[in-house]
Amino acid sequence: MSRPELTGHASIFYNAKEARKYDSSSRMIGVQREITERAIELLRLPPTSEKASLVLDVGCGSGLSGKVLEEQGHVWIGCDVSRDMLDVANERIERKMEGVKEKRAKRGGKGDEMMEDGSDGDEESSEGEDDGNDLASNGDLMHHDMGTGLPFRPATFDACISISAIQWLCYSNAKGQIPKKRLMRFFSSLYQVLRRGARAVLQFYPETAEQAILISECAANVGFAGGIVVDYPNSTKAKKHYLVLTFDRAYKAPVGLADGSLMAQNSVRVDRQGHGKGKRSGKGQGKKGGGKTKEWIVHKKEGQRKKGSIVRPDTKYTGRKRRDKF
C-alpha cells in the first residue's frame, strides 16, 4: 500500500468515506490513543488539579487525540485541512453535549422529587458535580491548512501536539507548494503562538531519513530547541518518531522506549567464528536462545488487545511447541 501523502492533498484523501472509516476502526482508535498518551507524557504538563492547560492539536482529524486530551482534563483547539474529518469530530462533540444535557435534565428531575419528599437535594447535586463525565466538551475546531501558518495570537497556547500530520508538509500536492517553505511557515507561526516555557510534541512518519532531518532543521532554524525521540527503533511496525520542541536550550531529549522482545525479534545474529557477519543464523542454531518464548507471545497478544484486535485467550497451551509431523 502506498503512503497517503503520495495520493494527493490531505483534504482529498480524507474524504467523507475515509473519515468515517478512520473514526470507526478499532485498530486506528487504539493506535491514535497510544500515540497521543505518549505525546502528552513527553509534554510534561502540570497536573490538571492546579490548572488545565490549553493545548493546540495540529492535524486533529476526527478528534481522537482531542478526546484523550479531554479525558486528562485539558482544554484543546484542533485544526485540520479536511472538512470531512472535522465534521466527524464535530458530531462527537455535539453528541457529548446532548448527553450532558440529558444527564442534567434527569438529575434536575430527581432533585425535584427529593425536595417534594422533604429531603435535602445538596447530596445529589454534589455527586453530580464530581462526575467527570458530566462535563461539556473542552474542545473546539478550526478548518485550516497548517502549511500556511497558524492564525492565532502570540503566546496563546500552553502546549501543542500533532499526531501523524506534519509529514504531509514534506510533499508538494499543488502548484507552487514548496515543502521547505511550508515547513518554515508552520514552525515560525508555532514558535509565536506558544507561550514561553511551553513544549510541542509532534509525532510523524518520515518516509526517509532526509525528511526527518529536514523537519528538525526547519524547527531549529526558527529558534526551537529539542530533538527527535524514536520509540522502538528496531521495530518496523512499532517505530514512532516524536519531534519534541522547547524554548529551553539546556533541554536534552529523553531516550525513546525500547521493547526487549521487539529488539530481539529484529536483531541480527552472528555465528561464533565470525563467519557470515550480518546474516541470520541457520534454522537449528537460533532456536534455543532466539525462539519465541511464552512470555514474548503473551506480551505480543497483550499489545494487540490494547489496540482493539481480537486475540485468542491465553491457555496452558500458549507458547507450547507443537509436535513434529510424521
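Up top you'll find the structure we're talking about.
Residues numbered from 1 in each chain as written. Predicted model: local features only at pLDDT ≥ 70, side-chain atom pairs only at ≥ 80, totals over all residues. Heavy atoms only, no water.

Moving on, we get to the overall build of the chain. Scanning the chain for helices and strands turns up 11 helices and seven strands. Long-range contacts, defined here as pairs at least 24 residues apart, represent 71% of the contacts in the chain between residues at least 6 apart. Entry remark: accessible area of the chain is about 20,000 Å², with carbon and sulfur atoms responsible for 51%. (Helix = DSSP H or I, 4+ residues; strand = E, 2+ residues; numbered from the N terminus. Contact = heavy atoms within 4.5 Å. Areas by Shrake-Rupley, 256 points an atom, 1.4 Å probe, with all protein chains shown as cover.)

Taken across its seven residues, strand 4 (residues 157-163) has seven buried, putting it largely inside the fold. Across four bridges, strand 1 (residues 54-58) lies against strand 4 in parallel orientation. Directly across from Asp57, in strand 4, lies its bridge partner Ile161. In the sheet, strand 4 pairs with strand 5 (residues 194-204) via six bridges, with the strands oriented parallel. Looking across to strand 5, one finds that Phe157 is bridged to Leu194. (Buried < 20%, exposed > 50% of the residue type's maximum accessible area, 1.4 Å probe, protein only. Pairing = 2+ DSSP bridges.)

Taking strand neighbours across the sheet as the criterion, the seven strands line up as 3-2-1-4-5-7-6 in an open arrangement whose pairing is mixed. In this open sheet, the two edge strands, each paired with only one partner strand, are strand 3 (139-143) and strand 6 (225-231). Taken over all neighbouring pairs, the strand axes of this sheet differ in orientation by 15° on average, direction set aside. Relative to strand 3, strand 2 (residues 75-80) runs parallel, the two sharing five bridges. Paired with Ile77 across the bridge in strand 3 is Asp140. Here helix 3 (residues 26-43) sits on the sheet and contacts strand 4, strand 5, strand 6 and strand 7 (240-246); the angle it forms with strand 4, its principal contact strand, is near 145°. (Axes fitted to C-alpha atoms, helices over the stretch in contact; angles between N-to-C directions.)

Within the fold, Tyr22 resides in helix 2 (residues 16-24). For Tyr22, a relative accessible area of 15% gives the class buried. C-alpha separation for the pair Tyr22 and Gly61, spaced 39 residues apart in sequence, amounts to 9.2 Å. Apart from residues lying up to four places away in sequence, Tyr22 is in contact with Tyr14, Met28, Gln32, Ser62, Leu64 and Met85.

The next point concerns the packing of aromatic side chains. The final tally for this structure, using the stated rule, is nine aromatic pairs. On the basis of an interplanar angle of 65° and a centroid distance of 5.0 Å, the ring pair of Tyr191 and Phe247 is categorised as edge-to-face. A residue pair is termed long-range when its members are at least 10 positions apart, and Tyr191 in helix 7 (residues 179-193) and Phe247 in the loop between strand 7 and helix 9 (260-266) qualify at 56 residues. Three or more aromatic residues joined by ring pairs form one cluster here, namely Phe13, Tyr14, Tyr22 and Trp168. (Phe/Tyr/Trp six-rings, centres within 6.5 Å; stacked < 30°, edge-to-face > 60°.)

Another point: the pattern of salt bridges. For the coordinates displayed, the defined rule picks out 10 salt bridges. Where Arg3 meets Glu5, a salt bridge forms, and the shortest distance between an N and an O atom there is 3.4 Å. Summarising the burial analysis for this pair, Arg3 and Glu5 share the class buried. When the shortest N-O distance is used, the salt bridge between Glu91 and Arg20 registers 2.8 Å. (Salt bridge = Lys/Arg side-chain N within 4 Å of Asp/Glu carboxyl O.)

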